[in-house]
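Okay, here's what each chain looks like letter by letter:
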Amino acid sequence: MNPAAPVTARLVDRLVGGMLTVEPVFNLARHQARRMMIRRAESVGVAWRKRVTELRSRDWQADLAAVENGDLLYPEYYRRPFHAYDLGNLCWEAAFEVEVAAYAAHARIWPDAGAGGDARLRKGFLAILKAHRPGPVDAIVDLGCSIGMSTFALQSAYPEARLAGIDLSPHFLAVARHRAHSEGRTVAWRHAAAERTGLPEGSVDLVCAFLLFHELPAQATCQVLREAHRLLRPGGTLAVMDMNPRSDVYTRMPLYVLTLLKSTEPYLDEYFGLDLEAAISGAGFAPPSLTCNTPRHRTLIARRVE
């Protein structure tokens, strides 16, 4: 890498950060980012508007009541505008659009990916996980499970395992619950913070965090890692799949696109500045293995030290 590249990157980060402190610029960037995602989804054959309209037409109150913990106190970091939504993940619009947004976001990971990019990303992660953690798995916790896309992928890979999906958004969990029932799946959905799940200590074999940590401030990430360590049995496995800050994709990203990205990801700078491998080891895990599973993602697998 060019020695000037880190300096240039820091200057660009400061420039983007400064621009996003100007409210009209921030709001315009969020609006443009969302429009770009919708256009990208529909360009690869994903019917964004049609799918969202179908979800909106359903009565979700029974599903919401079945999963929502009315006593839960949301962390302050979760109340910020997020992913172009004023209420972040605490709204139906976010829950209805998360699946089509994933298809759009992952459509260009590989030149030929298209609408299948998301499934290819998940399949690649699971292949790495199985290579590092062979053998049966009895119980799995999926942290930040959203509407269950990562949970269902894990269930397909480990059909005999008991699964729990944890998320802070009751709207996401309501959609996940409905999807599970529609597909005949059994998952224990839990409305809780990933850093305070309330699950028993030493109760699971595998804890997964799929595209979670780039959405958290660094302090919360470290708390989640300690919670994962608490949940795992001795010798249990932590599996993390997320953006790779060392990827050239981000250092070469045009300023305009970087601005749009950061307008929807308020903790991206903290994530990029965090030494995640050191944080995993510091939480009580053996040094993690690292695999670059796409041009812009990495998978970290670590064993709980007995």
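About the cut-offs
- Residues numbered from 1 in each chain as written.
- Predicted model: local features only at pLDDT ≥ 70, side-chain atom pairs only at ≥ 80, totals over all residues.
- Heavy atoms only, no water.
- Salt bridge = Lys/Arg side-chain N within 4 Å of Asp/Glu carboxyl O.
- Helix = DSSP H or I, 4+ residues; strand = E, 2+ residues; numbered from the N terminus.
- Buried < 20%, exposed > 50% of the residue type's maximum accessible area, 1.4 Å probe, protein only.
- Pairing = 2+ DSSP bridges.
- Right-handed = clockwise from strand over helix to strand, strands pointing away.

An unreviewed UniProt entry lists the chain under the name Class I SAM-dependent methyltransferase, with Gloeobacter morelensis MG652769 as the source organism.

Visitor: What's the story with the pattern of salt bridges in this structure? I'm lost.
Guide: Oppositely charged side chains can pair when the atoms bearing their charge come close. On inspection of all chains with the given rule, the structure shows 16 salt bridges. Between Asp 138 and Arg 162 there is a salt bridge, and its shortest N-O distance comes to 2.8 Å. Note that Asp 138 is positioned in the loop between α6 (117-132) and β1 (139-143) and Arg 162 in strand β2 (residues 162-167), a separation of 24 residues in sequence. According to the relative accessible area criterion, Asp 138 is partly exposed, its value standing at 37%. One salt bridge in this structure joins Asp 205 and Arg 233, with 2.8 Å as the shortest N-O distance. Here Arg 233 lies in strand β5 (residues 232-243) and Asp 205 lies in strand β4 (residues 204-210), a separation of 28 residues in the sequence.

Visitor: When you look at the pairing of β5 in this model, what are you seeing that I'm missing?
Guide: On a regular strand, each side chain points to the face opposite its neighbour's, so the side chains alternate between the two faces of the sheet. A large share of β5 lies buried, amounting to 9 of its 12 residues. As paired strands, β4 and β5 are joined by 6 bridges and run parallel to one another. Looking at β5, one finds that Ala 209 is bridged to Val 240. After leaving β4, the chain enters helix α9 (residues 218-231) and then returns to the sheet as β5, a path that is right-handed.

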